[in-house]
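The chain contents come next:
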Number of protein chains: 2
Amino acid sequence: MPAVMEQPLTDLSKWKTDECSIGKAMDLIGTRSAILILREAYYGTTRFDGFATRVGVTEAVAAKQLRRLTDAGLLRKQPYREAGQRTRHEYALTEMGRDLLPAVLALMQWGDKYLQEGVSPLLVVEDSTDSPVQVQVRSAAGNEVGLEQLRVRLNRGWRPRKAR
Amino acid sequence: MPAVMEQPLTDLSKWKTDECSIGKAMDLIGTRSAILILREAYYGTTRFDGFATRVGVTEAVAAKQLRRLTDAGLLRKQPYREAGQRTRHEYALTEMGRDLLPAVLALMQWGDKYLQEGVSPLLVVEDSTDSPVQVQVRSAAGNEVGLEQLRVRLNRGWRPRKAR
DNA sequence: CCGTATCCTGATAGATACTG
DNA sequence: CAGTATCTATCAGGATACGG
């Protein structure tokens, strides 16, 4: 039994597709290279060359996506001083960038399960306990919930925006 | 303090980018329309026309992505009989498709927070309690963990595949 | 209602070469 | 090390028209 909408959203005058958070998110960061650059940021990469090399894209692509993510607010370009070295700069995650971690880990978890034959190459673990992490859907009440226990409804208080 | 790799993955002979689960996942379902079609499946849509209309794409795009998702194993095309009606078919989620729910909800949650002005349009709640759901990263030990408490390491037992 | 076929635009991304 | 510039191939996706 699948999840269910309280009422079908057929009334597109109220619910425009381009109001959807998922669609907006995909418009902004829904490319392979953008997600992979974020992955690298989570792994600890901070410098231009590191992103280009480890993601395996050309400098042109790395530059474009780094600019995009920086402009969008997921990364911040900061000056970076090392003792006796000339000033460099690094790309650091913002809160906005960090907050996408569950989405990226969820993708990884899913890919590990279905797109690798047998063993997945990397393990993400809790540092202190070395136990693997898992992405879960939980209710505020504290229960882990699956698709069958979900319901979707229009948010009271939300009003459609003007047409463009 | 960011997450840290046990050792930097500069050795690309061991760690090819195209072995990455995230990259593989993005190759398969990393387009706006594919994700939005999955969203609709989670919302309960099962028929061709519903997908095309609600996602807001042309039939050509809907057909292509539905085929893609079906071929990949996230959806299954099933015969569908209604009393006294001619046979139709519906697109049903497989376990593989359901298992992507956390990723899609994580995207939605992130978009709600950063890409909507003020109030998010839709609410996903636990049916029985009406309390909103949240996507979380948890360790097997049961703790919710943030980026700072994570560590990434090569999985023992994993061996690189032959070059292509 | 469920698609297929064709044409077209724009964006992703590779290759290569060059600057501060 | 950190990019920019150009040129090109591939693909997502819109528009439109047509067939089961």
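Structure's up top.
Residues numbered from 1 in each chain as written. Chains lettered and ligands numbered in written order. Predicted model: local features only at pLDDT ≥ 70, side-chain atom pairs only at ≥ 80, totals over all residues. Heavy atoms only, no water.

> Explain the protein's contact with DNA strand C here, please?
Looking at DNA strand C, there are 19 residues lining it, with Ser33 and Lys64 of chain A together with Arg67, Lys77 and Tyr91 of chain B nearest. Sugar plus phosphate: this is where 83% of the atoms of DNA strand C within 4 Å of the protein reside. Separating a phosphate oxygen of DNA strand C from a side-chain N or O atom of serine 33 of chain A is a distance of 2.2 Å. Among the elements that line the surface near DNA strand C, the one with the most residues is helix α4 (residues 59–72) of chain B, at 4 residues. Tallied by class, residues from the surface near DNA strand C come to 6 nonpolar, 5 polar and 8 charged. (Near = heavy atom within 4 Å. Polar contact = N/O pair within 3.5 Å; in protein donor to acceptor, adjacent residues only side chain to side chain. Helix = DSSP H or I, 4+ residues; strand = E, 2+ residues; numbered from the N terminus. Nonpolar A, V, L, I, M, F, W, Y, C, P; charged D, E, K, R; others polar.)

> Explain the relation of the copies chain B and chain A here, please?
Each of the two chain copies can be brought onto the other by rotation about an axis and movement along it. Mapping chain B onto chain A calls for a rotation angle of 180° and an axial translation of 0.0 Å; the resulting RMSD is 0.0 Å. Both copies are brought into coincidence by an operation consistent with a two-fold rotation axis. Interface residue correspondence from chain B to chain A reaches 100%, placing this contact among same-surface, isologous pairings. (Least-squares fit on C-alpha atoms with pLDDT ≥ 70 in both. Contact = heavy atoms within 4.5 Å.)

> I would appreciate a short explanation of the protein's contact with DNA strand D in the present structure.
Residues in close proximity to DNA strand D total 19 residues, the closest being Arg67, Lys77 and Tyr91 of chain A together with Ser33 and Lys64 of chain B. Within the contact set of DNA strand D, a phosphate oxygen lies 3.4 Å away from a side-chain nitrogen or oxygen of histidine 89 of chain A. Between lysine 64 of chain B and DNA strand D, the recorded distance is 2.4 Å, taken from a side-chain N or O atom to a phosphate oxygen. Listing elements by their share of the surface near DNA strand D, those giving two or more residues are α3 (48–55), α4 (59–72) and β3 (88–93) of chain A together with α2 (32–43) and α4 of chain B. Taken together, the residues that form the surface near DNA strand D break down as 7 nonpolar, 5 polar and 7 charged.

> It is not clear to me how the layout of surface pockets should be interpreted in this structure. Could you clarify?
The method is simple in principle: a probe with the dimensions of a water molecule rolls over the atoms, and the space it marks as empty is what remains. Computed from the structure, the largest pocket encloses a volume of approximately 590 Å³. Gln109, Gln134 and Val135 of chain A together with Asp99 and Pro102 of chain B are the residues nearest the centre of the largest pocket, which is lined by 27 residues in total. Top contributing element to the lining of the largest pocket by residue count: helix α6 (residues 101–114) of chain A, with 8 residues. Broken down by class, the residue content of the lining of the largest pocket amounts to 16 nonpolar, 5 polar and 6 charged. Size it by volume and the second largest pocket reaches roughly 360 Å³. Around the second largest pocket sit 19 residues that line it, and Asp99 and Pro102 of chain A together with Gln109, Gln134 and Val135 of chain B are the ones nearest its centre. Only α6 of chain A together with α6 (101–114) and β5 (133–139) of chain B provide two or more residues apiece to the lining of the second largest pocket. Per-element accounting of the lining of the second largest pocket gives the leading share, 6 residues, to α6 of chain B. (1 Å grid on protein atoms, 1.4 Å probe; cavity = no way out; pocket = protein on both sides within 12 Å on 5 of 7 lines; lining within 4 Å. Points joined across faces, edges and corners; volume = space filled by probe spheres on them.)

> Explain the environment of leucine 101 of chain A here, please?
Along the chain, the position of leucine 101 of chain A falls in helix α6. Remark: the alpha-carbon pair of leucine 101 of chain A and glutamate 117 of chain A, spanning 16 residues in sequence, is separated by 24 Å.

> Please explain the environment of glutamate 90 of chain A as it appears in this structure.
In this structure, glutamate 90 of chain A sits in strand β3. A C-alpha to C-alpha distance of 30 Å links glutamate 90 of chain A and tryptophan 110 of chain A, two positions 20 residues apart in sequence.

> I tried to follow the interface of chain B and chain A on my own but got confused; where do I start?
Note: interface size is frequently given as the accessible area lost on complex formation between the parts. Listed as interface residues are 93 residues of chain B and, on the opposing side, 93 residues of chain A. Carbon and sulfur atoms make up 62% of the area that chain B and chain A hide from each other, which totals about 8,700 Å². Our enumeration of links across chain B and chain A arrives at 14 salt bridges. Here chain B and chain A share 47 residue pairs in polar contact (both at pLDDT 80 or more) between them. Bridge count between strand β5 (residues 133–139) of chain A and β5 of chain B: 7 bridges; the pairing is antiparallel. Paired with valine 135 of chain A across the bridge in β5 of chain B is valine 137 of chain B. (Buried area = accessible area lost by both parts, 1.4 Å probe. Salt bridge = Lys/Arg side-chain N within 4 Å of Asp/Glu carboxyl O. Pairing = 2+ DSSP bridges.)

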